[in-house]
Amino acid sequence: QRPLRRLLSCPGTVAADLRREEQSSGNAETGSEDRTPKKRFSEVQNERREQAQRTVLIHCPNKINEKKFLKFLSQHGPINTHFFYESFGLYAVVEFCQKESVTSLQNITRTPSLGPEAAIPFKSRYFNLKLRNSVNQTSELSSIQCSNQSSPSSKKLYQLLCCAESVDDQLNTLLREFQLTEENTRLRYLTCSLIEDVAAAYFPDCAVRPFGSSVNSFGKLGCDLDMFLDLDEIGKFTAQKTSGNFLMEFQVKNVPSERVATQKILSVIGECLDQFGPGCVGVQRILNARCPLVRFSHQASGFQCDLTANNRIALKSSELLYMYGALDSRVRALVFSVRCWARAHSLTSSIPGAWITNFSLTMMVIFFLQRRSPPILPTLDYLKTLADAEDKCIIEGHNCTFVRDLNRIKPSGNTETLELLLKEFFEYFGNFAFNKNSINIRQGREQNKPESSPLHIQNPFETSLNISKNVSQSQLQKFVDLARESAWILHQEGKDRPSPSSNQPWGLAALLLPSVTNNVPLSKKKKKPASERIKNLLDSIKSSGAENSIATNGR
Ligand code: CTP
Ligand code: MG
């Protein structure tokens, strides 16, 4: 239980939030752990996809009588759940119990007549609700409780972090505030499902599946929506079942390579989304990239979407990250904090360039956790040895096999605190021999770099690829400097933490202050020593062994 003293020293609104949270969840301390997914990845994907197919998206008038709205929709069948959210207008996401209800609703829906303009009569599951007699109904209209789809402001975050009990509590708070909510996850699967409807006009049995941070359990509210057009299911079931002397094949158009096929398909789907995809704007076809894609914004959901095709390996790496995230409750908390730390110091950016990506940072955290003693996470090679025949998976010649049943992996015996792990993470990478060594989660140990890129992180499945090939020497140096400095701050903090009433940022809050880049000390207590000096100081503290009691006891 969080002592009342802490709550009382917090600014009013936050304290109220915290109290509400404690009342509603019963046990606020384990809130983040409760959300750690334990189901198999494929189970979650299938359930969510099926759920999304029974769901509709409705643009509503700004004020609406919720009860009447639900009664109106229930004429088409029972409703399982619904929620409202705001994004340049009020929207409702409504999940029916049966798919037929959606068809029934579509059957009474008309295509608008827009006066001088003309509408393209595409019948999707994205509707516009109008009030018939707006004058008569005004008295019954009420404001609706909306589900929040964005991450907290930095101000609120600092307040929450400063009110936390310990650094561990800070990391769990950050995770709780930034992780994708149930509603946001539903909206992501729904958006993919709506795009699938457009693609299905050409490929009726296709699937549009989310991958990347939307599904790997490391997604932050506001992150992009990566999706891929899966055409592999087409014909899978019919093909093998026939017997006898004959074998039937479709007559198809042949193109020079898989890449050209992908480009042609994405080109047409991109055109379709642009020309008549409801709510799809700013469609760009980036077909000459290493991985060709269509980028667009889905206005109603507010998601920036990247649609690729033929990308099963990326889905597999999302599954692997999902497994790592579910194996130990410390993993996600640590990854979220490192990602937020990197964002706060502009080490990552939403614009592509020579920056480290979130995907690379996640790999670094996983690698670091494999290096602990005893290890917190198993290596990918070990997960491969646990695999059975059904787990076997070869994609385009790459062996992507690993055990998929989480229950077959023994939990780690390591009991290190998040505070210690965060500090050690910064120290580890502040001293890592990036010039010689490569990071490799398959074997869980450093290897000689096979090429000269400043940062080398091996792609877990396409092992000849470096996922951080784009990172420049200066960006890597900035990462190293910040890591050293952050390790230093946590060391100092452990000794001399400001009192909660002083309102001074401490622990994780101090690390997130974007002051280092301006050459202002992160910690106001002492002047910042230069990167090399910090390294030496940390080394000497380590060798004297003086920090052990502070580090392992936490607070
Ligand atoms: N990916 C990859 N190799 C890369 C970059 C990306 O295999 N060099 C795959 C990963 O599976 C990654 C996914 O593509 O998860 C999506 O990439 P991206 O959107 O850059 O990363 P996310 O993990 O989704 O993180 P973010 O929240 O920053 O979008
Ligand atoms: Mg992404």
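For the structure, see preceding data.
A quick note: this is a predicted structure, and the numbers were derived from the prediction, not measured.

Student: Quick rundown of the layout of surface pockets? Include the residues and the values.
Tutor: The calculated volume of the second largest pocket comes to roughly 1500 Å³. Thr109, Arg110, Phe127, Asn128 and Leu129 are, among the 39 residues lining the second largest pocket, the residues nearest its centre. Of all the elements in the fold, those that place two or more residues in the lining of the second largest pocket are strand 1 (55-60), helix 5 (66-74), helix 6 (100-107), strand 4 (126-128) and helix 12 (258-276). Per element, the largest residue contribution to the lining of the second largest pocket is four residues, and it comes from helix 5. Here the residues of the lining of the second largest pocket are counted per class, giving 21 nonpolar, twelve polar and six charged.

Student: Outline the sheet that holds strand 3 (residues 90-96), supporting the account with residue identities and numerical values.
Tutor: Pairing in this open sheet of four strands is mixed, and the strands run 2-3-1-4 from one edge to the other. The sheet terminates laterally at strand 2 (79-86) and strand 4, the two strands that pair on one side only. Neighbour-to-neighbour, the strand axes of the sheet open up by a mean angle of 20 degrees, direction not taken into account. Contacts between helix 5 and the sheet are confined to strand 1, strand 2 and strand 3, with strand 2 contributing the most and set at about 135 degrees to the helix. The sheet strands contacting helix 6 are strand 1, strand 3 and strand 4, and the helix crosses strand 3 at an angle near 130 degrees.

Student: Account for the packing of aromatic side chains, naming residues and giving values.
Tutor: One pass over the structure, following the stated rule, counts 23 aromatic pairs. Taken together, a centroid distance of 6.5 Å and an interplanar angle of 45 degrees make the contact between tyrosine 91 and tyrosine 126 tilted. Taken together, the positions of tyrosine 91 in strand 3 and tyrosine 126 in strand 4 put the pair 35 residues apart, joining distant regions of the chain. The exposure class of tyrosine 91 is buried, given its relative accessible area of 6%.

Student: Tell me what's going on with the sheet that holds strand 6 (residues 225-230), and back it up with residues and numbers.
Tutor: Pairing is mixed across the open sheet formed by five strands, whose spatial order is 5-6-9-8-7. With partners counted over all chains shown, the strands left at the sheet margins are strand 5 (207-211) and strand 7 (280-286), one partner each. Strand after strand, the sheet turns through a mean of 25 degrees between neighbouring axes, direction not considered. Here five bridges tie strand 6 to strand 9 (residues 303-309), and the two strands are oriented parallel to one another. Bridging across to strand 9, leucine 229 finds its partner in alanine 309. Against the sheet, helix 13 (residues 312-327) makes contact with strand 5 and strand 6, and its axis sits at roughly 45 degrees relative to strand 5, the strand it touches most.

Student: Outline helix 17 (residues 418-430), listing residues and values.
Tutor: With 13 residues, helix 17 should reach 18 Å at 1.5 Å per residue; the first-to-last C-alpha distance of 18 Å fits that figure. With twelve of its 13 residues buried, helix 17 lies for the most part within the structure. Every buried residue of helix 17 is listed here: Leu418, Glu419, Leu420, Leu421, Leu422, Lys423, Glu424, Phe425, Phe426, Glu427, Phe429 and Gly430.

Calculation notes
Residues numbered from 1 in each chain as written. Chains lettered and ligands numbered in written order. Predicted model: local features only at pLDDT ≥ 70, side-chain atom pairs only at ≥ 80, totals over all residues. Heavy atoms only, no water. 1 Å grid on protein atoms, 1.4 Å probe; cavity = no way out; pocket = protein on both sides within 12 Å on 5 of 7 lines; lining within 4 Å. Points joined across faces, edges and corners; volume = space filled by probe spheres on them. Helix = DSSP H or I, 4+ residues; strand = E, 2+ residues; numbered from the N terminus. Nonpolar A, V, L, I, M, F, W, Y, C, P; charged D, E, K, R; others polar. Pairing = 2+ DSSP bridges. Axes fitted to C-alpha atoms, helices over the stretch in contact; angles between N-to-C directions. Contact = heavy atoms within 4.5 Å. Phe/Tyr/Trp six-rings, centres within 6.5 Å; stacked < 30°, edge-to-face > 60°. Buried < 20%, exposed > 50% of the residue type's maximum accessible area, 1.4 Å probe, protein only. Expected span 1.5 Å × (residues − 1).

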